[in-house]
Amino acid sequence: MNSSDTYLVTGGCGFIGSSFILLCRKNNKADIVNLDALTYAGNPLNLAELQNDSHYHFHKGDIGDKELVASLLEQYKPDAIVNFAAESHVDRSIFGPEDFMKTNIMGTFHLLQVSLDYWERHCKNNPGKRFRFLHVSTDEVYGSLGSDDPPFQETTPYSPNSPYSASKAASDHLVRAYVHTFGFPGAITNCSNNYGPRQFPEKLIPLMILNAREGKPLPVYGDGMNVRDWIFVNDHCEAILSVLDKGTPGETYNIGGNCEKPNIEIVRAITGVMDELFPDSPHVPHSSLIHFVKDRPGHDRRYAVDCSKITRELGWKPSMTFEQGLNHTVQWYMDNPQWVGSVRSGDYLKWLEKNYEKRS
Ligand code: NAD
Ligand code: TYD
């Protein structure tokens, strides 16, 4: 793809979508049309630096709004659609799964249907238009691994365990079905746990960073030995660009950081960085704030991703070490108190109360 391309990015005000848009605009990779419903997780501040960029266009709206999406496709005639829009937090999907079904399943369905129509009318028989629909998904669709199991491959059968992962699995199946039935040029990426700047502080790493700074308990679920694979968000965004540029339509690509770690190790790493950054804090050693709490129901034990296919076929591999990425992330949260303040609305505080009160 070249710099005159236009991408319709959905969910671009969220954590990964905003990193993707910033990367695209920094490299003048493509003009961006961002469609975002601005749920609690969507923060326009994430893209404040693009406010005077004439190659960036924001539209507030729902991916399930067929008329709106159809009109955006007609107006901008994008070369690619990158679908980040989703409800994304497992704990929220346990307390209130309905929004997950609405956006992740029905929203993706409506988006696909309108995109199919657009592709058939403007791209399918137009050799000059190399259209792609990239659906951004998660490794959680594969279910939970035992400690000796090999990492997830693209051929691993789906076995989702949470309402979140089940809704993402359903959306992946819809994309797959549109590829198979209509020859629609869809591709799916299944990525492991992201971390980095601008992640909403309900997720493990930013929650622990902010709690540690404020001397609040660091709530580790269960025995802290659940394992995730961690990837710095920009590495994920670079992988998505590789798939857009060089990926084969109809294919699935696993993306991971080659960085499996138990949660307790992540939390200890964060407390270690905080000790170094703030040696005079009354909370040193910050590890004393660690607090084991009641486990998440149905908590998947281990995720691990084999991303050799994308490395072999597209030449992508993660570039950030966990240590570099974590230092950068902690520093970002320390340097951006205004952002932190802006996401800590009444709703956010209510969520924390609801989630952690059940665990104490
Ligand atoms: P996020 O929750 O930070 O952001 C989601 C964004 O989607 C928000 O800006 C929100 O306003 C928007 N949105 C929600 N519902 C919408 C709707 N109906 N219409 C339009 N916009 C809507 O999520 P994230 O962490 O940036 O994740 C982005 C995508 O990547 C998701 O599809 C998620 O499943 C996937 N993913 C996330 C991770 C991770 O570790 N965060 C890992 C793998 C895959
Ligand atoms: P999370 O960031 O919610 O991502 P996911 O559930 O999609 O993997 O959680 C990452 C891991 O951290 C997961 O095993 C649950 C655990 N966790 C805690 O131990 N304490 C917390 O307060 C949170 C939010 C998560």
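Note on numbering: residues in each chain are counted from 1, in written sequence order. Chain letters and ligand numbers both follow the written order, the letters beginning at A and the numbers at 1. Where totals are concerned, whole chains, interfaces and linings use all residues; where local detail is concerned, this predicted model gives features only for residues with pLDDT of at least 70, and gives and counts side-chain atom pairs only at 80 or more. Note that water and hydrogens are dropped before the side-chain values are worked out from all heavy atoms of the structure.

**Points about the packing of helix 1 (residues 15-26) against helix 7 (residues 233-246)**
Now for step 1: Note on geometry: axes are lines fitted to C-alpha atoms, helical ones only across the stretch in contact, with angles between N-to-C directions running from 0 to 180 degrees. Strands are runs of DSSP state E lasting at least 2 residues, helices are runs of H or I lasting at least 4, and numbering of each runs from the N terminus. In the contact formed by helix 1 and helix 7, the axes pass within 9 Å of each other and the chain directions differ by 65 degrees. At the point where helix 1 passes helix 7, the crossing takes the right-handed sense. Contacts between helix 1 and helix 7 involve F15, I16, S19, F20, L23 and C24 from the former and V233, N234, H236, C237, E238, I240, L241 and L244 from the latter.
Now for step 2: Residues are grouped as follows: Ala, Val, Leu, Ile, Met, Phe, Trp, Tyr, Cys and Pro are nonpolar; Asp, Glu, Lys and Arg are charged; all remaining types, including Gly, are polar. Class assignment of the residues belonging to the contact of helix 1 with helix 7 gives a composition of ten nonpolar, three polar and one charged. The crossing is said to be left-handed when, going from far helix to near helix, the turn is anticlockwise and less than a right angle, and right-handed when the turn is clockwise. The contact criterion used throughout is that any non-hydrogen atoms of two residues lie within 4.5 Å.

**Looking at the environment of T189**
Now for step 1: Here T189 shows up in strand 6 (residues 186-191).
Now for step 2: Once the C-alpha coordinates of T189 and E154 are considered, the two residues, 35 residues apart in sequence, prove to be 9.4 Å apart.
Now for step 3: Setting aside residues no more than four positions away along its own chain, T189 makes contact with L134, H135, V136, S137, T138, V243, Y253 and I255.

**Some thoughts on the sheet that holds strand 7 (residues 193-195)**
Whenever strands of a sheet pair, they do so through backbone hydrogen bonds, lying parallel or antiparallel.
Now for step 1: Here we have three strands laid out as an open sheet, ordered 7-9-11, and mixed in their pairing. Two strands close off the open sheet at either side, each with one partner strand: strand 7 and strand 11 (260-262). Averaged over neighbouring strand pairs, the angle between their axes works out to 50 degrees when direction is ignored.
Now for step 2: One ladder, built from three bridges, connects strand 7 with strand 9 (residues 227-232); its direction is parallel. Within strand 9, the residue paired with N194 across the bridge is I231.
Now for step 3: Sitting on the sheet, helix 7 touches strand 7 and strand 9, and the angle it makes with strand 9 is about 75 degrees. A pair of strands counts as paired when DSSP detects no fewer than two bridges linking them.

**Some thoughts on the pattern of salt bridges**
Now for step 1: Here a salt bridge means any side-chain nitrogen of Lys or Arg lying within 4 Å of a carboxyl oxygen belonging to Asp or Glu. Taken as a whole and assessed by the stated rule, the structure comprises 17 salt bridges.
Now for step 2: One salt bridge connects E98 with K102, and the closest N-O pair in it is separated by 4.0 Å. One end of the pair, E98, and the other, K102, are both in helix 4 (residues 98-122), four residues apart, so they sit about a helical turn from each other.
Now for step 3: Buried, partly exposed and exposed residues are distinguished by accessible area as a fraction of the type maximum, computed with a 1.4 Å probe on protein chains only: under 20%, between the cut-offs, and over 50%, respectively. Relative accessible area serves as the criterion here: at 54%, E98 is assigned to the exposed category.
Now for step 4: In this structure, the salt-bridge partner of K261 is E265, at a minimum N-O distance of 3.3 Å.
Now for step 5: A relative accessible area of 40% places E265 in the partly exposed class.
Now for step 6: Among the ionic contacts, a cluster of salt bridges with common partners joins E74, K77, D117 and R121.

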